[in-house]
Amino acid sequence: MKLYEAKQFNLPTIEGLSEKQIEVHLKLYEGYVKHTNLIREQIKELKEKGAPQYVIDELRRRYAFEFDGMRMHEYYFEQFEEGAKEATGDFKDAVSEKYGSFEDFISHIKEVAGSRGIGWIVVSHDDKEGQIHTTFAADHELGHLAGTKVLCAIDMWEHAFMVDYVPAEKGNYLETVLQNINWEVVGNRY
Ligand SMILES: [Fe+2]
């Protein structure tokens, strides 16, 4: 079985997110990688032992939570690599066309971030129809749009900011994220 490995991110100092905040969050990411591997190993083992089907079924249901927890954090941390860069090119044009302007796109992200509950803001691209969407995925795995490609993922779980911000300051955390996103990374995914 090919196992997943936790990635290393080349993160700059992020003004507004402390080293401790990033450190605890990266540890959490590593937990998702570990459990993504572990679930598959466990399913194999339980099958060999003849465990009841429903035990395996529940692990299979759980898998998307761990896998998406791993992958979404990779999208998230990659976006902070090498410092903030302005949006340019096709990606900027596409979101500006859809939302009115790049500033309006950012305003739309903030509006979606107002969704109650934990989860992710996901900007995705529907390759099939050539459309961009900004949605909210609950937990890590609920509410993704089938077959779309993740362009930008913003973690709105409290663990992402509560070393540095209280829940009522969620908007300040989002502001920090938006100011530090390397839009070139996002644009390259597009
Ligand atoms: Fe997270």
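Since this is a predicted model, take the numbers as computed values, not measurements.

(A) Looking closely at the overall build of the protein. Looking only at helices and strands, one finds 6 helices and 3 strands in the protein. Each helix (α) and strand (β) of the protein, taken in turn from the N terminus, gives the series α-α-α-α-β-β-β-α-α. In terms of overall size, the protein behaves like a compact globule, its C-alpha atoms giving a radius of gyration of 18 Å where 190 residues would be expected to give roughly 16 Å. C-alpha atoms of the protein, sized along the principal axes, occupy 55 × 40 × 30 Å. Burial statistics for the protein: of 190 residues in total, 41% are counted as buried. In the protein, the share of contacts with a sequence separation of at least 24, taken over all contacts with a separation of at least 6, comes to 70%. Surface exposure of the protein reaches about 10500 Å², of which carbon and sulfur atoms provide 48%. Of the side-chain charges in the protein, 22 are positive and 34 negative, and the distance between the mean point of each set is 7 Å.

(B) Just the coordination of the iron ion, in detail. Of the protein atoms, only H25 (NE2), H73 (NE2), D155 (OD) and H159 (NE2) coordinate the iron ion, at distances of 1.8 to 2.2 Å. Note that the iron ion binds 4 donor atoms; their angles at the metal cover 87 to 134 degrees, and the shape is tetrahedral. For the iron ion, the donor residues sit on a single chain with the sequence spacing H-x47-H-x81-D-x3-H. According to the relative accessible area criterion, D155 is buried, its value standing at 0%.

(C) Looking closely at the domain arrangement of the protein. By the assigned domains, the protein splits into domain 1 (19-78) and domain 2 (89-189). Computed from C-alpha coordinates alone, the two centres of domain 1 and domain 2 are separated by 23 Å. Contact with domain 1, which involves 16 residues of that partner, is made by 21 residues of domain 2. With both chains or domains summed, domain 1 and domain 2 bury close to 1500 Å², and 65% of this area falls on carbon and sulfur atoms.

(D) Structural view of the packing of helix α4 (residues 102-113) against helix α5 (residues 170-180). Running from amino to carboxyl end, α4 crosses α5 at an angle of 145 degrees, the nearest separation of the two axes being 11 Å. By crossing handedness, the relation of α4 to α5 is classed as right-handed. Contacts between α4 and α5 involve I106, I109, K110 and A113 from the former and K170, L174, E175 and L178 from the latter. Among the residues forming the contact of α4 with α5, the class breakdown is 5 nonpolar, no polar and 3 charged.

(E) Main features of the environment of L17. Positionally, L17 belongs in the segment before α1 (19-49). Looking at L17, the relative accessible area reads 5%, which means it is buried. Counting along the chain gives 24 residues from L17 to E41, while the straight-line C-alpha distance between them is 35 Å. With residues near it in sequence (within four places) discarded, L17 still touches I22, Y76, F80, A160, D164, Y165, Y173 and T176.

Thresholds, definitions, all that
Residues numbered from 1 in each chain as written. Predicted model: local features only at pLDDT ≥ 70, side-chain atom pairs only at ≥ 80, totals over all residues. Heavy atoms only, no water. Helix = DSSP H or I, 4+ residues; strand = E, 2+ residues; numbered from the N terminus. Rg over C-alpha atoms; globule rule 2.2 N^0.38 Å. Buried < 20%, exposed > 50% of the residue type's maximum accessible area, 1.4 Å probe, protein only. Contact = heavy atoms within 4.5 Å. Areas by Shrake-Rupley, 256 points an atom, 1.4 Å probe, with all protein chains shown as cover. Lys, Arg positive; Asp, Glu negative; His and termini not counted. Charge placed at Lys NZ, Arg CZ, Asp CG, Glu CD. Donors = N, O, S within 2.8 Å, 3.2 Å for Na, K, Ca; no water. Tetrahedral: all angles 85-135°; square planar, octahedral: opposite > 155°, others 65-115°. Domains from an automatic or database assignment. Buried area = accessible area lost by both parts, 1.4 Å probe. Axes fitted to C-alpha atoms, helices over the stretch in contact; angles between N-to-C directions. Left-handed = near helix turned anticlockwise from the far one by under 90°. Nonpolar A, V, L, I, M, F, W, Y, C, P; charged D, E, K, R; others polar.

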